[in-house]
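# Analysis of the macromolecular model
Here is how the chains run, residue by residue.
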Amino acid sequence: MEEISVEEKPLRIPFTNNLPPAVFREWFTYAYMARLPLQEVLERALVAYLQDKAQAREPLPPEQEAILAAKEQAELSRRQKRRTK
């Protein structure tokens, strides 16, 4: 069986949200009717929203970069632990 590198899969950084129920219902309904995973709908929406936002591509301040790097590292560690079980 071919070995899959941990880095090949996109990182999935957990986050929480406080979406209003009506927005979640619309998102869920659209995903269901379009036969798309919720994740794909969310990703497409965010990519479209951020397309013209230059701020989204600016470098983060060092303290925020450290927070993001720690979350990415935690996700990589979690994946590696799951692979060794």
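What counts, and where the lines are drawn
- Every chain's residues receive numbers from 1 upward, in the order its sequence appears when written.
- Local features in this predicted model are restricted to residues of pLDDT 70 or higher, and side-chain atom pairs are both shown and tallied only at a pLDDT of 80 or more, whereas totals for entire chains, interfaces and linings draw on every residue.
- Remark: hydrogens and water are excluded; side-chain values derive from all non-hydrogen atoms of the structure.
- For patch building, the residue pool is restricted to those with more than 30% relative accessible area and no salt bridge; the joining distance is 9 Å between like charges and 5 Å between nonpolar side chains (Val, Leu, Ile, Met, Phe, Trp, Tyr).
- Method for areas: the Shrake-Rupley scheme with a 1.4 Å probe, in which residue coverage is limited to the protein chains shown.
- Counted as salt bridges are all cases of a side-chain nitrogen of Lys or Arg within 4 Å of a carboxyl oxygen of Asp or Glu.
- Strands here mean DSSP runs of E at least two residues long; helices mean DSSP runs of H or I at least four residues long; both are numbered from the N terminus.
- Expected span of a helix: the number of residues minus one, times 1.5 Å.
- Here a cavity is any set of points on a 1 Å grid over the protein atoms alone where a 1.4 Å probe fits but cannot get out, and a pocket is any open set with protein on both sides within 12 Å along at least 5 of 7 lines; a residue lines the site when it has an atom within 4 Å of a point.
- Grid points are joined across faces, edges and corners, and a volume is the space filled by probe spheres set on the points.
- Side-chain classes follow a simple rule in which Ala, Val, Leu, Ile, Met, Phe, Trp, Tyr, Cys and Pro form the nonpolar group, Asp, Glu, Lys and Arg form the charged group, and the remainder, Gly included, forms the polar group.

What follows concerns a nonpolar patch on the surface. There is a patch of nonpolar side chains on the surface, built from Leu19, Val23, Phe24, Phe28, Tyr32 and Met33 and spanning about 610 Å² of accessible area. Summarising the element assignment, Leu19 is placed in the segment before α1 (21-34).

This part covers α1. Across its 14 residues, α1 extends 20 Å between first and last C-alpha, which sits within 8% of the 20 Å expected from 1.5 Å per residue. Looking one or two places after α1, you find Arg35, whose phi comes out positive at around 55 degrees.

The subject of this paragraph is the layout of surface pockets. Space inside the largest pocket adds up to approximately 780 Å³. As for the largest pocket, its lining consists of 16 residues, and the residues nearest its centre are Leu11, Ile13, Phe15, Gln39 and Leu46. Elements with a contribution of two residues or more to the lining of the largest pocket: α2 (38-50) and α3 (62-84). The element best represented in the lining of the largest pocket is α2, accounting for 6 residues. Looking at the lining of the largest pocket residue by residue, the class counts come to 11 nonpolar, 1 polar and 4 charged.

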